Amino acid sequence: MATTGRDYYELLGLSRGANEQDIKRAFRKLARELHPDVSEAPDAQERFREVAEAYQVLSNAETRELYDRYGHAGLRGGGFTPGTFDFGNLSDLFSAFFGDDLFGTTRRHARGADLAAEVEIELAEASRGTTREVPFQVAVACSRCGGDGAEPGTAPATCPTCDGAGRVQQVSSSVFGQFVRTQTCPRCDGAGRIVETPCSECDGAGRLLEERRLEVKIPAGIHDGQQIRISGEGHAGDLGGRAGDVYVRVHVKPDPRFVREGNDIFSTIDLTIAEAALGATLTTETLEGPVELEFPPGTQPGEIRVLAGRGMPVLQGFGRGDHRVLVNVVVPRRLTEEQRRLLEEFERHSTDETYKPDEGFFEKLKSAFR
Ligand SMILES: [Zn+2]
Ligand SMILES: [Zn+2]
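Residues numbered from 1 in each chain as written. Chains lettered and ligands numbered in written order. Predicted model: local features only at pLDDT ≥ 70, side-chain atom pairs only at ≥ 80, totals over all residues. Heavy atoms only, no water.

S.K.: How should the overall build of the chain be read in this particular structure?
M.R.: Across its full length, the chain carries 10 helices and 15 strands. Counting only residues that meet the buried cut, the chain has 36% of its 370 residues in that class. Sequence-distant contacts in the chain: of pairs separated by 6 or more residues, those separated by 24 or more amount to 64%. Surface exposure of the chain reaches about 22,400 Å², of which carbon and sulfur atoms provide 48%. (Helix = DSSP H or I, 4+ residues; strand = E, 2+ residues; numbered from the N terminus. Buried < 20%, exposed > 50% of the residue type's maximum accessible area, 1.4 Å probe, protein only. Contact = heavy atoms within 4.5 Å. Areas by Shrake-Rupley, 256 points an atom, 1.4 Å probe, with all protein chains shown as cover.)

So this is what it looks like as structure tokens:
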């Protein structure tokens with residue numbers, strides 16, 4: 001990997017006389033700003049690399065002296081090559097460099113886990129909005145021991161391996177020089193304490209599974225597969241950590257009568273050839289119950305009736321979609337002798353005039369598809 005040609009002190013914003021602490025502090029501050037996890041600047045990764053290289057050189061007394069005396073040339077002469085970085089995770093990187101935790105989060109107050117649940121509702125319920133009782137098994141703090149896992153009257157002992165810190169440090173060497181890696185203490189699993197007399201209720205876990213029912217409000221207009229988040233109703237956190245959230249995924253059952261597209265509803269209505277030719281008043285289903293539709297004589301298959309504002313409500317918005325009813329004309333499949341005779345007679349009496357569209361028919365057709 002090529003080294004940067006830039007001045008290392010300048011990169012870290014330091015003077016030549018900076019001490020170890022200054023160097024550490026400057027790098028920490030810059031890395032926080034420039035790490036690709038955090039920064040959206042297009043050159044952040046390149047700048048981070050440069051800053052890390054500067055830190056690598058200046059934080060090591062040997063390479064720093066070479067650089068101070070001979071500049072970049074001195075380092076090349078000394079066989080210095082910058083280490084490669086794993087950009088993986090900013091806090092991992094920090095614990096590698098400094099043995100600390102960038103964001104000050106520790107396992108001891110970890111947030112509780114999220115919970116997922118699913119409910120199924122009818123399309124008509126999605127249209128009105130509804131509520132559902134959803135059962136959960138949720139981890140809650142044990143009331144007998146107050147969540148610390150120790151039998152009342154006893155106290156947890158400080159973990160002798162980590163001395164209560166919950167973490168142990170491991171010193172190792174690498175191209176960066178010596179650094180300290182911090183790990184969760186294997187003995188106490190990060191708690192910093194060891195429960196010698198476990199609580200008889202929770203067996204030392206500090207948490208219990210509890211059956212709960214949660215009333216979930218499902219808003220009108222919800223779409224199939226959408227999730228509702230209920231904040232803070234998930235599993236309890238460790239030792240006072242915030243509880244997780246509950247995510248309820250809503251399945252909207254397909255309704256055989258309707259097709260939903262966004263907020264619009266589509267359905268079809270069947271007219272017999274006589275109803276289509278003579279005109280008829282028919283009942284059709286909508287989300288809000290049956291509606292009467294009038295069809296004039298000469299109604300054609302493929303015509304669309306728009307029931308404005310009879311579709312699905314707009315989720316967390318105003319108004320509703322439309323309901324479009326598509327006309328289907330059903331043709332008789334089995335005729336009696338008499339019916340056959342009548343239809344044949346009808347056909348003999350038919351001319352081009354019988355089927356000729358009205359004035360303005362094509363205008364009407366166009367408006368139906370708008
Ligand atoms: Zn307990
Ligand atoms: Zn420990």
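S.K.: What am I meant to see in the nonpolar core here?
M.R.: Within soluble globular proteins, side chains that are nonpolar generally end up buried alongside one another. In this structure, Phe136, Val216, Ile218, Ile222, Val248 and Val250 are the most contacted members of the largest nonpolar core, which totals 24 residues. Only strand 1 (115-121), helix 6 (123-128), strand 2 (130-141), strand 7 (207-218), strand 8 (227-230) and strand 9 (246-252) provide two or more residues apiece to this core. The residues contacting Val250, other than those within four sequence positions of it, are Val119, Ile121, Ile218, Ile222, His223, Asp224, Gly225, Gln226 and Ile228. If you look at the next biggest cluster of nonpolar residues, it comprises 21 residues, including Leu11, Ile23, Leu30 and Tyr55. (Core = buried A, V, L, I, M, F, W, Y, C linked by side-chain atoms within 4.5 Å.)

S.K.: Before we go on, may I ask you to explain the sheet that holds strand 10 (residues 259-261) in this structure?
M.R.: Strand pairing in a sheet is mediated by backbone hydrogen bonds. Such pairs are either parallel or antiparallel. Taken together, the four strands give an open sheet; going across it, the order is 10-11-15-14, and neighbouring strands pair in mixed fashion. The sheet terminates laterally at strand 10 and strand 14 (304-307), the two strands that pair on one side only. The mean inter-strand angle of the sheet, taken between neighbouring strand axes irrespective of direction, is 30°. Where strand 10 and strand 11 (residues 264-272) come together, three bridges link them in antiparallel fashion. Opposite Arg260, over in strand 11, you have Ile265 as the bridge partner. (Pairing = 2+ DSSP bridges. Axes fitted to C-alpha atoms, helices over the stretch in contact; angles between N-to-C directions.)

S.K.: Any chance you could explain the packing of aromatic side chains here in plain terms?
M.R.: What describes a pair of aromatic rings is the distance from one ring centre to the other and the angle between the planes of the rings. Going through the model one piece at a time under the given rule, you end up with three aromatic pairs. Judged by centre distance (6.2 Å) and plane angle (35°), the ring pair of Tyr9 and Tyr67 falls under tilted. Taken together, the residues span a long stretch of sequence, with Tyr9 in helix 1 (residues 8-12) and Tyr67 in helix 4 (residues 61-77) at a distance of 58 residues. Members of the aromatic cluster, each reached through a chain of ring pairs, are Tyr8, Tyr9 and Tyr67. (Phe/Tyr/Trp six-rings, centres within 6.5 Å; stacked < 30°, edge-to-face > 60°.)

S.K.: Can you help me understand the coordination of the zinc ion (ligand 2) in this one?
M.R.: Note on metal sites: the ideal angle is 109.5 degrees for four tetrahedral donors, and 90 or 180 degrees for six octahedral donors. Only Cys159 (SG), Cys162 (SG), Cys185 (SG) and Cys188 (SG) from the protein coordinate the zinc ion (ligand 2), and they sit 2.2 to 2.3 Å from it. Its four donor atoms give the zinc ion (ligand 2) angles of 102 to 117° at the centre, a pattern that matches the tetrahedral case. Read in sequence order, the donor residues for the zinc ion (ligand 2) give the motif C-x2-C-x22-C-x2-C. Of the two residues, Cys162 sits in the loop between strand 3 (157-158) and strand 4 (167-174) while Cys185 sits in the loop between strand 5 (177-184) and strand 6 (193-194), which places them 23 residues apart along the sequence. By the burial criterion, Cys162 is buried, and Cys185 matches it. (Donors = N, O, S within 2.8 Å, 3.2 Å for Na, K, Ca; no water. Tetrahedral: all angles 85-135°; square planar, octahedral: opposite > 155°, others 65-115°.)

S.K.: Even after reading the chapter, I still don't get unusual backbone geometry, so can you show me in this structure?
M.R.: Trans peptide bonds make up the majority, and among non-glycine residues the majority have a negative phi. Although it is not a glycine, Asp163 adopts a positive phi angle of roughly 60°. With respect to the helices and strands, the residue Asp163 is situated in the loop between strand 3 and strand 4. Phi at Gln316 takes a positive value of approximately 50°, unusual for a residue other than glycine. Summarising the element assignment, Gln316 is placed in the loop between strand 14 and strand 15 (323-330).

S.K.: Where do I start with the sheet that holds strand 8 in this structure?
M.R.: The strand order across the open sheet formed by three strands is 1-9-8, and the pairing between neighbours is mixed. Each edge of the open sheet carries a strand with a single partner, namely strand 1 and strand 8. When strand polarity is set aside, the average angle formed by the axes of neighbouring strands in this sheet is 25°. In terms of strand pairing, strand 1 meets strand 9 through seven bridges, oriented parallel. Bridge pairing links Ile121 to Val252 in strand 9.

S.K.: Where do I start with the coordination of the zinc ion (ligand 1) in this structure?
M.R.: Taken together, the protein ligands of the zinc ion (ligand 1) are Cys142 (SG), Cys145 (SG), Cys199 (SG) and Cys202 (SG), with distances of 2.3 Å. Read from N- to C-terminus, the donor residues coordinating the zinc ion (ligand 1) fall into the pattern C-x2-C-x53-C-x2-C. Within this pair, whereas Cys145 is found in the loop between strand 2 and strand 3, its partner Cys202 is found in the loop between strand 6 and strand 7, the two being separated by 57 residues in sequence. Both residues of the pair, Cys145 and Cys202, count as buried.

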